[in-house]
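Spelled out from the first residue to the last, the chains are:
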Amino acid sequence: MSCVHKPQKSLVLIGLMGVGKTTVGRRLAHALKLDFRDADEEVEKAAGRSVSEIFADFGEAAFRDGERKVIARLLEEPPMVLALGGGAFVDDETRANVKANAISIWLQADVETLVRRVTRRDTRPLLRGDDPETVLNALLTRRQAAYAEADIHVDASGGSHQITLDGILRALDAREAEA
Ligand code: S3P
């Protein structure tokens, strides 16, 4: 059983689309009695538009600007569990900000698992019209060096989000024991 205490810093979940950052993040927040926030949702609230609409109306660069600002604001708040959109940690400024102010957790899964999960919803502009496996493989190649800079790496390919959550809690326990 895990005995992780409430962390002093926010826990930030990173990783590719479909890996389960939001679902696992909600459960992690519940387990640690912390607030949960989803960066995409916060960007949508700030813009009054969905992520797809922001991409369509203003382009990806504008989405990335908004994303960077929203995450910087959230990192100034008291500790929470924060799920980032898949591209956020690749941004140098956001990555530096997360490293300085939070504990980052990379949820890793094989592309086959991700494809299965992302095809359940059609809300991701980067996947529209293209073969999800090709896109996700390309994104993983481009992003994995940045993702690998996360403090904690957890396997999220397993059968259930509960297994992933247990993996995170074990890793946090181990960090606490080392500190
Ligand atoms: C993106 C991932 C999405 C969202 C946007 C771009 C990406 O978030 O931020 O569609 O660049 O990987 P999820 O990872 O939560 O799907």
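Coordinates for the structure precede this section.
Parameters and conventions
- Residues numbered from 1 in each chain as written.
- Predicted model: local features only at pLDDT ≥ 70, side-chain atom pairs only at ≥ 80, totals over all residues.
- Heavy atoms only, no water.
- Helix = DSSP H or I, 4+ residues; strand = E, 2+ residues; numbered from the N terminus.
- Buried < 20%, exposed > 50% of the residue type's maximum accessible area, 1.4 Å probe, protein only.
- Contact = heavy atoms within 4.5 Å.
- Pairing = 2+ DSSP bridges.
- Axes fitted to C-alpha atoms, helices over the stretch in contact; angles between N-to-C directions.
- Near = heavy atom within 4 Å.
- Polar contact = N/O pair within 3.5 Å; in protein donor to acceptor, adjacent residues only side chain to side chain.
- Areas by Shrake-Rupley, 256 points an atom, 1.4 Å probe, with all protein chains shown as cover.
- Patch = residues over 30% accessible without salt bridge, like charges linked within 9 Å, V, L, I, M, F, W, Y side chains within 5 Å.
- Salt bridge = Lys/Arg side-chain N within 4 Å of Asp/Glu carboxyl O.
- Lys, Arg positive; Asp, Glu negative; His and termini not counted.
- Charge placed at Lys NZ, Arg CZ, Asp CG, Glu CD.
- Core = buried A, V, L, I, M, F, W, Y, C linked by side-chain atoms within 4.5 Å.
- Parallel < 35°, antiparallel > 145°, perpendicular 65-115°, else oblique.
- Nonpolar A, V, L, I, M, F, W, Y, C, P; charged D, E, K, R; others polar.

### Remarks on the side chain of Ser104
So, point 1. With respect to the secondary-structure elements, Ser104 resides in strand S4 (residues 102-108).
So, point 2. Judged by relative accessible area, Ser104 falls into the buried class, the value being 1%.
So, point 3. Residue contacts for Ser104: discarding those within four places in its chain leaves Val12, Phe89, Val98, Glu149, Ala150, Asp151 and Ile152.

### Some details on the sheet that holds S4
So, point 1. Reading across the sheet, the five strands line up as S2-S3-S1-S4-S5 and stay open at both edges, with parallel pairing between neighbours. Edge positions in the sheet fall to strand S2 (35-38) and strand S5 (152-155), since each of these pairs with one other strand and no more. Put simply, the sheet's adjacent strands are angled 25 degrees from each other on average, direction ignored.
So, point 2. One ladder, built from three bridges, connects strand S1 (residues 10-14) with strand S3 (residues 80-83); its direction is parallel. Within S3, the position partnered with Leu11 by the bridge is Val81.
So, point 3. Relative to S2, helix H2 (residues 39-47) is tilted by about 70 degrees, and along the sheet it contacts S2 and S3.

### Thoughts on the site of the ligand
So, point 1. Around the ligand, the structure places 13 residues, and the nearest of them are Lys21, Asp40, Arg64, Arg124 and Arg143.
So, point 2. With respect to the ligand, the side chain of Lys21 contributes an N or O atom lying 2.5 Å from an oxygen atom.
So, point 3. The separation between an oxygen atom of the ligand and a polar side-chain atom of Asp40 is 2.7 Å.
So, point 4. Across the complex, the protein chains shield 95% of the 380 Å² of accessible surface that the ligand would expose by itself.

### Section: a negative patch on the surface
So, point 1. Side chains of Asp110, Glu112, Asp130, Asp131, Glu133 and Asp155 sit close together on the surface and give a patch of like negative charge.
So, point 2. Tracing the sequence through the fold places Glu133 in helix H7 (residues 132-147).
So, point 3. A residue is classified by how much of its surface remains accessible, and Glu133, at 44% relative accessible area, is partly exposed.

### Focus on the environment of Val111
So, point 1. If you trace the backbone, Val111 turns up in helix H6 (residues 111-118).
So, point 2. Sequence-distant contacts of Val111, defined by excluding residues within four places in its chain, comprise Glu133, Leu136, Asn137 and Leu140.

### A short note on the nonpolar core
As a rule of thumb, soluble globular proteins bury nonpolar side chains together.
So, point 1. In terms of nonpolar packing, the biggest core is built from 55 residues, with Leu28, Leu82, Leu84, Ile105, Leu136 and Ile168 touching the most fellow members.
So, point 2. The leading source of residues in this core is S4, at five residues.
So, point 3. With residues near it in sequence (within four places) discarded, Leu28 still touches Leu11, Leu13, Val81, Ile105, Leu165, Ile168, Leu169 and Leu172.

### Concerning the pattern of salt bridges
So, point 1. Following the criterion strictly, the structure yields 13 salt bridges and no others.
So, point 2. Put simply, Glu41 and Arg26 hold a salt bridge, and the shortest N to O gap is 3.6 Å. Here Glu41, found in helix H2, pairs with Arg26, found in helix H1 (residues 21-32); they are 15 residues apart in sequence, far enough to count as distant.
So, point 3. What makes Glu41 partly exposed here is its relative accessible area of 36%.
So, point 4. What makes Arg26 partly exposed here is its relative accessible area of 44%.

### Brief notes about the packing of helix H3 (residues 51-58) against helix H4 (residues 60-74)
So, point 1. Where H3 contacts H4, the axes come no closer than 7 Å and their chain directions differ by 130 degrees. The angle between the axes of H3 and H4 places the two elements in the oblique class. Of H4, the residues touching H3 (which contributes Val51, Ile54, Phe55 and Phe58) are Glu60, Ala62, Phe63 and Arg64.
So, point 2. Counted by class, the contact of H3 with H4 contains six nonpolar, no polar and two charged residues.

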